[in-house]
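Spelled out, the chains give:
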Amino acid sequence: MRSVKEQHVMEEPALPPAQGEGEHVSLALANSSITLPGGHTVDLLVTPAQANRWLTARGLAPVDAGMLEMCTTQLRSLREQIRSLLASRTAGLPALPAAVAAVNDAMTRVPTAPLLHWDDEKGPYRATPHPTTAIVEHALAALAADAAELLTGPDADRLTACGSAPCNRYLLRHGRRHWCSTRCGDRARAARAYARRGRPGAE
């Protein structure tokens, strides 16, 4: 019988990261729920263990973080808000206020500067809360800050949705390429060729 970890690996799609995921972890988060042909969807953040592995692989949590279901739900929620913002940006539409608020809330929930503390014996000192005391909040803050940078920085004009239905991944265009993977590009070209053959007068 396969272990849970082995089953998890088998269930994940063999897709390379979309262009831009290496530079923007928020793009990787947005693409962690993948729609595949045939109506199948693969979500890489279903369980706390999956969410822990995803964060660990990107340097956002230790291996033994001990993620809880509530933490996983928060991560998936931020993913949907970021996806909403990416969709608005690529379509040239106004963003949902709730999505903007969610990103801002995640960024401001954790301190960005060492806080003042006061020890009865040693007196005042400043210290940054250790990440392990609020792993999820720090991870969410980092993801939200990256999303804000992606949407407002120099890469924003390269942001696009994969042009091969039903794929729902986002990427940063490189040249004229607007597919997230070779597989999606091949599928899109095959669909266009099929459509041309079906037109009246086509050979």
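Up top you'll find the structure we're talking about.
My aim in this report is to walk through the structure given alongside it, one point at a time. (Residues numbered from 1 in each chain as written. Predicted model: local features only at pLDDT ≥ 70, side-chain atom pairs only at ≥ 80, totals over all residues. Heavy atoms only, no water.)

Right, let's get into the side chain of Asp-146. You can see Asp-146 is positioned in helix H6 (residues 135–152). Lacking a salt bridge, the buried Asp-146 has Arg-58 as its closest oppositely charged neighbour, with an N-O distance of 10.0 Å. Of the polar contacts made by the side chain of Asp-146, one reaches the side chain of His-24; its length is 3.3 Å. Apart from the residues lying within four places of it in its own chain, the contact partners of Asp-146 are Glu-23, His-24, Val-25, Ser-26 and Leu-27. (Helix = DSSP H or I, 4+ residues; strand = E, 2+ residues; numbered from the N terminus. Buried < 20%, exposed > 50% of the residue type's maximum accessible area, 1.4 Å probe, protein only. Lys, Arg positive; Asp, Glu negative; His and termini not counted. Salt bridge = Lys/Arg side-chain N within 4 Å of Asp/Glu carboxyl O. Polar contact = N/O pair within 3.5 Å; in protein donor to acceptor, adjacent residues only side chain to side chain. Contact = heavy atoms within 4.5 Å.)

Checked against the element boundaries, Gly-185 lands in helix H7 (residues 182–197). In this structure, the C-alpha to C-alpha distance between Gly-185 and Ser-164, residues 21 residues apart in sequence, is 6.8 Å.

Tallied over the entire structure, the rule returns 7 salt bridges. Across the pair Arg-169 and Glu-21 runs a salt bridge, and its minimum N-O distance is 3.8 Å. In this pair, Arg-169 is assigned in the loop between strand E5 (159–161) and strand E6 (170–172) and Glu-21 in the loop between helix H1 (4–11) and helix H2 (25–30), connecting sequence segments 148 residues apart. Neither Arg-169 nor Glu-21 differs from the other in exposure class; each is buried. Note that Asp-157 and Arg-89 form a salt bridge whose closest N and O atoms lie 3.0 Å from each other. One end of the pair, Asp-157, is in the loop between H6 and E5; the other, Arg-89, is in helix H4 (residues 69–91), with 68 residues separating them in the sequence. Taking the relative accessible area as the measure of exposure, Arg-89 reaches 33% and is therefore partly exposed. The network of salt bridges with shared partners includes Asp-43, Arg-79 and Glu-80.

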